[in-house]
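A structural walkthrough
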Amino acid sequence: MTTTPLLVSTPADLRSTTARLLDGARSRAAVGHGPSLGLVPTMGGLHEGHASLARTARGDNDVVVASIFVNPLQFGDPADLERYPRTLDDDVRLLGSCGVDVVFAPSVGDMYPGGEPLVRVGAGRMGAILEGASRPGHFDGMLTVVSKLLNLAMPGAATEYRAYFGQKDAQQLALIRRMVLDLDVPVRIEGVPIVRDDDGLALSSRNRFLGAEDHRAALVLSRVLRSVRERAEHGRPLDLDAARAEIAAEERVDLDYLEAVDPSSFTPLTGDALPVVGPALVVVAARVGAVRLIDNTVIQAGSARPTH
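In this convention, every chain numbers its residues from 1, walking through the sequence in written order. Per-residue local features are limited, in this predicted model, to residues with pLDDT of at least 70; the limit for side-chain atom pairs, both in listing and counting, is 80 or more; totals at the level of whole chains, interfaces and linings are taken over all residues. Side-chain measures were taken over the full set of non-hydrogen atoms in the model, leaving aside hydrogen atoms and water.

Once that is clear, we can look at the overall build of the protein. When helices and strands are counted, the protein shows ten helices and nine strands. Expected size for 308 residues packed as a compact globule is a radius of gyration near 19 Å; at 20 Å, the protein falls within 12% of this value. Summarising its shape, the C-alpha atoms of the protein cover approximately 60 × 45 × 40 Å along the three principal directions. Two residues form a contact once any of their heavy atoms are found within 4.5 Å. Here the contacts in the protein between residues at least 6 apart in sequence split such that 73% fall between residues at least 24 apart. Secondary structure elements follow DSSP: runs of H or I no shorter than four residues count as helices, runs of E no shorter than two count as strands, and numbering proceeds from the N terminus. Using C-alpha atoms as the atom set, the radius of gyration is obtained and then compared with a globule rule of 2.2 Å times the number of residues to the power 0.38.

Right, let's talk about the pattern of salt bridges for a bit. Salt bridge, as applied in this entry: a Lys or Arg side-chain nitrogen positioned within 4 Å of an Asp or Glu carboxyl oxygen. Evaluated as defined, the whole model comprises 23 salt bridges. Here D80 ties to R206 by a salt bridge, and the two come within 3.0 Å at their closest N and O atoms. Residue D80 is found in helix α3 (residues 78–83), and its partner R206 is found in the loop between β6 (188–192) and α9 (212–233); the two are separated by 126 residues along the sequence. The exposure class of D80 is buried, given its relative accessible area of 15%. A single salt-bridge network, built from bridges that share partners, covers E213, R216, R223, E246 and E250. Three exposure classes are used, based on accessible area relative to the maximum for each residue type with a 1.4 Å probe and protein chains only: buried under 20%, partly exposed in between, and exposed over 50%.

Turning next to the packing of helix α7 (residues 138–153) against helix α8 (residues 170–182). Geometry is summarised by axes, namely lines fitted to C-alpha atoms with helices restricted to the contacting stretch, and by angles between N-to-C directions that run from 0 to 180 degrees. Between α7 and α8, whose axes approach to 11 Å, the crossing angle comes to 55°. Taken together, the axis directions place α7 and α8 in an arrangement best described as oblique. As for the relative orientation of α7 and α8, their crossing is right-handed in sense. For the pair α7 and α8, contact is made by F139, M142, L143, V146, S147 and L150 and by Q171, Q172, L175, I176, M179 and V180, respectively. Under the scheme applied here, ten amino acids are nonpolar (Ala, Val, Leu, Ile, Met, Phe, Trp, Tyr, Cys and Pro), four are charged (Asp, Glu, Lys and Arg), and all others, including Gly, are polar. Each residue belonging to the contact of α7 with α8 can be placed in one class, and the counts come to nine nonpolar, three polar and no charged. Angle categories are assigned with fixed cut-offs, so that under 35 degrees is roughly parallel, over 145 is roughly antiparallel, 65 to 115 is roughly perpendicular, and the rest are oblique. By convention, the crossing between two helices is left-handed when the near helix turns anticlockwise from the far helix through less than a right angle, and right-handed when the turn is clockwise.

Take the packing of aromatic side chains next. The pairing test for Phe, Tyr and Trp rings, Trp by its six-membered ring, is centres within 6.5 Å, and the orientation test on the planes gives stacked under 30 degrees, edge-to-face over 60, and tilted for anything in between. Applying the stated criterion to the full structure yields two aromatic pairs. Ring centres 5.9 Å apart and planes at 75° place the aromatic pair F75 and Y84 in the edge-to-face group. Of the two residues, F75 and Y84, both sit in the buried class.

Turning to the pairing of strand β8 (residues 279–288), a few remarks are in order. In terms of burial, β8 is largely enclosed, as eight of its ten residues are buried. Two strands qualify as a pair provided DSSP detects at least 2 bridges between them. Where strand β7 (residues 253–261) meets β8, eight bridges bridge the pair, whose relative direction is antiparallel. Of the residues in β8, the one forming a bridge with A260 is V282. Here β8 hands over to strand β9 (residues 291–300) after two residues, with G289 in that stretch at a positive phi of 65°.

Read from one edge of the open sheet, three strands run β7-β8-β9, paired in antiparallel fashion. Because the sheet does not close on itself, it has two edges, and the strands there are β7 and β9. Across the sheet, the mean angle from the axis of one strand to that of its neighbour is 15°, orientation sign disregarded. Of the strands in this sheet, β7 and β8 touch helix α10 (residues 240–248), which is tilted by about 160° from β7.

Overall, parallel pairing links the six strands, which are arranged β1-β4-β3-β2-β5-β6 in an open sheet. Sheet topology places β1 (6–8) and β6 at the edges, where each strand pairs with a single neighbour. When the angles between neighbouring strand axes are averaged without regard to direction, this sheet yields 25°. Inspection of the sheet shows β1 paired to strand β4 (residues 102–104) by three bridges, in the parallel sense. Counted as the bridge partner of L7 is V103 from β4. Where helix α4 (residues 88–97) meets the sheet, its contacts fall on β1, β3 (63–68) and β4, and the angle it forms with β3 comes to roughly 160°.

By this rule, a helix spans an expected 1.5 Å times one less than how many residues it contains. End to end, α8 covers 18 Å across 13 residues, agreeing with the expected 18 Å (1.5 Å per residue, within 8%). Within the span of α8, buried status applies to A170, Q171, Q172, L173, A174, L175, I176, M179 and V180. The elements touched by buried residues of α8 are α6 (131–134), α7, β5 (160–166), β6, β8 and β9.

So, on to unusual backbone geometry. Positive phi values are uncommon outside glycine, yet L130 reaches one of about 50°. Phi is positive for A158, close to 60°, though the residue is something other than glycine. Structurally, A158 can be placed in the loop between α7 and β5.

Right, dumping it as structure tokens:
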């Protein structure tokens, strides 16, 4: 389903446009069935992973809104903020090919009309470890803008409301789920599986900055995760130290962390702390050349023990 999305830039236009589209969906719905709205928050620089989010939302909902906003609160390095890809025209075309109805592309002034917000959503202890330890303040900025977007797109009563996020950003997804739970935000958070290149590299807006040799070196991340997952499937120890050593052997790759974690709290799991039932995550972050990449894989907890 291909559409030409309605492009809006102000919160007022977003609310009025989605209200009109939902009214139309409500008039077509069967008696007793309300419409549904799906939100796909993005920072732009879109790729097939984002398209997967949008297509999933299109399949689930009557009205689909995607946002494109490069959030300055999430960047500790001004150069990283400046370098982040801004490809609005291409992004709108991609979202239209996925059937998105509305693209909300606000300016910084539209999102933060009084300047940087004095009150922000704090990620707490869960946001201070792993990715949060490496990028101080990142998750506070992310949760602040996501809370604003969830509120700006929130439909009225008798409307199902869902928001879609990629599972590649696993700690981000876990924090958003926790924020929605802790703050009683009336939205269902949907995680969408990682989309990978044919060679296994997880898709990211930052991949475009990888040269050919860096791209080749980056494949060690997905290769190691696959090996760890296969060890778990065969009931063998995860041997995270060996996995770290394999990554360290790639001279273009600078490992930040590789850990097995609880998928809900992101607490690192060691030894007998690995749960007996339910899944766990193995998460990795590394700098490949000048590009920071993250990835993860699900393992079936209880089938293996991490060794360090």
